[in-house]
Amino acid sequence: MSFRRRGDIIGNPQQVSGVGVNRNSGAVPGAIPNAVPGRSFPNVHTQSRPTSISSRVPQSISSPVALTGKPKDTGANILNHPGVKPSILTSQPTVSTGSSELDKILGHQGLPLGCSMLIEENGTTDFATVLVKKFCSQGIVQNRLNNKDQNNTYLIVVGMDSSWGKNLPGLYKGSLKDQKKSKIVEAESKLSVSNLVNKPLPKRENDLKIAWRYGHLNKDDPEAIKIHNSSSAYPDYNHQFDITSSLIPAPHSNEIAYVPIQSKLTNVIKQIDTLVNKNNGKLIRLIVPSFLNPIIYPSTISNIEILKFIKNLKSLTRKYSNEIVITLTLNLDLYPRENPLTTLIEKFFDCIIELKPFDPKLYELIERSYSKNPKRIKQGFLNIYKIPILSDLGLNLIKEMEYCFKNGKRNFEIDEWSIPVDEETATDNNNNGENNKLHQQHSHSHSDIDIGSSSNPMQGQTKKNVEF
Amino acid sequence: MSDAQQQELAIFKDNSIIPDGLLSSKSKTLITYVQGTSPGWLISALVENLLFNTFILAHKPGTQKFSNIKSRSKVLLVSFSQDYKFYDKFFRKINVSNSNHNFKFLDLLTSTMYDDGEGDEILKKIETTIEKEFRNDYSDLNVIIENPEYLLHTTPLTTNMLLIFLNKLHLNYANNLIVISSSDKNLLDFHAQEESSIEFKHTEFLTKFLFRSNLIMNIKPLDTGRANDVTGLLSINKGLVGYQTDEIEIVEKEYLFFVAKEGNVRLFFR
């Protein structure tokens, strides 16, 4: 705590710097310069991307004996992508899945480039599609950050038509209250006579009246805004999506491609390969929703062809390790985890999560238990079987029934699972316990009085007398 | 767990991983693993031991000068499930790369994307690589093949054809043939009848190779579930075929192992 003299002018920059809050140095309270804990980047107070990332990202290596068709190194371009940041575990370039909570449990704060994710789902629900659509929306939103001519992301959707892309979730614009507020602010910012007459005092002055010592940034000062924005070195890394809204405008043909399923899955791979080559330098998000769903995939596809397709998807991730991320969803009702085909499919993925909706009885119990706190009600277990890179290193990261999820309007919540306690039963038990205690005390207190009362015809009267 | 508990990996009676005597004789080793315990660290340990007769569990930069050590044999690592980039981070620690004339890596994951044949042409690539890279000097060549069973599931190749090829490879080129294969319980069914099914082919391959192996190793997670300080269990067992000399003897035992996030491994006697 420090104090000013009465004569000092408040807001004098020279004196402010002497008090400990040096705005010129960017040391603004709350403006943490590094998005990655424990890692410092030079020049993070500017909007430019850190220059030191490339030195920490694994460089291309000498080619192995039979590595054919290796694409040219596009790592440098990708590092300038607004949706790429280094993994906090391995420093490898990582992209967001479109769900910040899913990013968090993957350890890397996202999915490292050159990795594939398998989302398995039990039952008739379709939470996996929600995640996959957010994954797509994230790519489209990042693609639209630049000018129309400078596309940085390309989506490839396998097995779906263009109608699928029209239902991607749009950006979350805040609650209704926030939206109203923003409309008011927008209206006020317009140049009109009434706005000029009723122009309120600058917000900063109000802030200074309340707590001059911790005065906020001057919103009109571009330098201050610059410093404020640097609180996150990767402001466009991930966004929040509202699943009740749609992404407007819908993805254009230069942003997304739909690869139909053909009788030979090898042709699908060839088509994907061509598209990736064609969009060299862009970040490719490859999506394979509802894999092996009989409505989309012909029943005549053999296991060999299925596994070859999956193996080739892995080959693509390795071939274009600096450009591509893949997400595939599989319904476990059609292909349970005990099925050897599913086991082999899992072998070719870098990351595996399973969405397992709660059993109806368990869901009832949870609803009953958290009736007073409905926010705690979740919808199912989220099991993890593989984490990108770490599982391949040999770490055992299988986590079953350790996390649970809830699909909300604006985010896909993931929490640690805890066994719900039925509050009513617990309360009843407590009440019963107390009643029993009271009853015991009561009967005990009466025991002296009631001795021989059974033989006393005036029992009721006696009690009354005692009570009175 | 403290450093005092740390143990060294020893497979044979002379406390070695691969004894010198084994390098000049023929042997087959089968390593099986399941989901949750990937064998990358064990494969790189075997490569290191075959090349330099060392196995440094926790590599400390600068403590070992592998460039000064003369390699005692040649190694070809063939992988159907990983590319070279994956192993590069292991091999950099021991100063080994694909340009090293005693070590070669053959990537059969990315190089076989558009091979539409019966699978035998992929096997042919292994032979071609050996002949090209080691130039008819196979006297001290060791071949490690990771997940050859993937060929059975992604091509029409039969189990017998694969086993015949492995036998041929062992007889003509490799002194030590080490095969790494997955053994998840969903892939194994000893009562499977349908020959084209995944479980039939997988079980047939593992069983037949197991009966021809001298050494069997298995890594799997703990039966009691995941632990923060133990990754899994490594068991070492004698194979169903003995070694040519009595001097080479396997000591059957089990280790608990822990893989850290940096990839370093610690072993503990069970």
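Relevant structure appears above.
Residues numbered from 1 in each chain as written. Chains lettered and ligands numbered in written order. Predicted model: local features only at pLDDT ≥ 70, side-chain atom pairs only at ≥ 80, totals over all residues. Heavy atoms only, no water.

1. Considerations on the overall build of chain B
Point 1. The secondary structure content of chain B amounts to seven helices and nine strands.
Point 2. For the C-alpha atoms alone, the extent of chain B along its principal axes is close to 50 × 45 × 40 Å.
Point 3. Burial status across chain B gives 60% buried among its 270 residues.
Point 4. Contacts spanning at least 24 positions in sequence make up 70% of the contacts within chain B whose residues lie at least 6 apart.
Point 5. Roughly 11,300 Å² of accessible area belongs to chain B as shown, and the carbon and sulfur atoms make up 48% of that amount.
Point 6. Taking the average location of the 29 positive side-chain charges in chain B and that of its 34 negative ones, the two points are 6 Å from each other. (Helix = DSSP H or I, 4+ residues; strand = E, 2+ residues; numbered from the N terminus. Buried < 20%, exposed > 50% of the residue type's maximum accessible area, 1.4 Å probe, protein only. Contact = heavy atoms within 4.5 Å. Areas by Shrake-Rupley, 256 points an atom, 1.4 Å probe, with all protein chains shown as cover. Lys, Arg positive; Asp, Glu negative; His and termini not counted. Charge placed at Lys NZ, Arg CZ, Asp CG, Glu CD.)

2. Things to note about a nonpolar patch on the surface
Residues and elements named next belong to chain B.
Point 1. The grouping of Phe 211, Leu 240 and Val 241 at the surface amounts to a nonpolar patch, some 280 Å² of accessible area in total.
Point 2. The topology assignment puts Val 241 in the loop between strand 7 (232-238) and strand 8 (253-259).
Point 3. Residue class for Val 241 comes out partly exposed when judged on its relative accessible area of 33%. (Patch = residues over 30% accessible without salt bridge, like charges linked within 9 Å, V, L, I, M, F, W, Y side chains within 5 Å. Salt bridge = Lys/Arg side-chain N within 4 Å of Asp/Glu carboxyl O.)

3. A closer look at the sheet that holds strand 11 (residues 351-357) of chain A
All names here are of chain A.
Point 1. Taken in spatial order, the nine strands line up as 8-5-9-10-4-11-12-13-14 in an open sheet, and their pairing is mixed. Sheet topology places strand 8 (256-259) and strand 14 (412-416) at the edges, where each strand pairs with a single neighbour. On average, each strand axis in the sheet is inclined to that of its neighbour by 25°, with strand direction left out of account.
Point 2. Examined bridge by bridge, strand 4 (residues 116-121) and strand 11 share five bridges and lie parallel to one another. (Pairing = 2+ DSSP bridges. Axes fitted to C-alpha atoms, helices over the stretch in contact; angles between N-to-C directions.)

4. A few points about the packing of helix 11 (residues 265-278) of chain A against helix 12 (residues 303-319) of chain A
Residues and elements named next belong to chain A.
Point 1. Between helix 11 and helix 12, whose axes approach to 9 Å, the crossing angle comes to 15°. Of the possible angle classes, the one that applies to helix 11 and helix 12 is roughly parallel. The way helix 11 lies across helix 12 gives a crossing that is right-handed. From helix 11, Leu 265, Val 268, Ile 269, Ile 272 and Asp 273 reach across to helix 12, where they touch Glu 305, Ile 306, Phe 309, Asn 312, Leu 313, Leu 316 and Lys 319.
Point 2. Across the contact of helix 11 with helix 12, the residue classes break down as eight nonpolar, one polar and three charged. (Parallel < 35°, antiparallel > 145°, perpendicular 65-115°, else oblique. Left-handed = near helix turned anticlockwise from the far one by under 90°. Nonpolar A, V, L, I, M, F, W, Y, C, P; charged D, E, K, R; others polar.)

5. Considering the interface of chain A and chain B
Point 1. The partner chain B presents 51 residues to the 50 residues of chain A that form the contact.
Point 2. The interface formed by chain A and chain B contains four salt bridges.
Point 3. We note a salt bridge from Asp184(B) to Lys347(A), for which the minimum N-O separation is 2.5 Å.
Point 4. Between the two partners, chain A and chain B, sit 17 residue pairs in polar contact (both at pLDDT 80 or more).
Point 5. Elements with a minimum of two residues in the side of chain A that touches chain B: helix 11, helix 12, helix 13 (340-347), helix 15 (390-393) and strand 13 (399-407) of chain A.
Point 6. With 11 residues, the single largest contributor to the side of chain A that touches chain B is helix 12 of chain A.
Point 7. A breakdown of the residues in the side of chain A that touches chain B according to their chemical character gives 21 nonpolar, 14 polar and 15 charged. (Polar contact = N/O pair within 3.5 Å; in protein donor to acceptor, adjacent residues only side chain to side chain.)

6. Notes on the pattern of salt bridges
Point 1. Taken as a whole, this structure holds 25 salt bridges over all chains when the rule is applied.
Point 2. The partner of Lys378(A) in a salt bridge is Asp415(A), with the nearest N and O atoms 2.9 Å apart. Here the residue Lys378(A) occupies a position in the loop between helix 14 (360-369) and strand 12 (380-386), and Asp415(A) occupies one in strand 14, the gap between them amounting to 37 residues.
Point 3. Overall, the relative accessible area of 5% leaves Lys378(A) in the buried class.
Point 4. Residue Glu127(B) pairs with Lys168(B) through a salt bridge whose shortest N-O separation is 3.2 Å. One end of the pair, Glu127(B), is in helix 4 (residues 120-134); the other, Lys168(B), is in helix 6 (residues 159-172), and 41 residues separate them in sequence.
Point 5. Sharing partners across several salt bridges, the network here consists of Glu120(A), Arg337(A) and Glu346(A).

7. A few points about helix 6 of chain B
All names here are of chain B.
Point 1. Across its 14 residues, helix 6 extends 20 Å between first and last C-alpha, which sits within 8% of the 20 Å expected from 1.5 Å per residue.
Point 2. Of the residues making up helix 6, those classed as buried are Thr 159, Leu 162, Leu 163, Phe 165, Leu 166, Leu 169 and His 170. All buried residues of helix 6 project into a common sector of 160° when viewed along the axis, lining one side. Turned more than 90 degrees off the buried face of helix 6, the exposed positions are Ile 164 and Leu 171. (Expected span 1.5 Å × (residues − 1). Arc of directions from axis to C-beta.)

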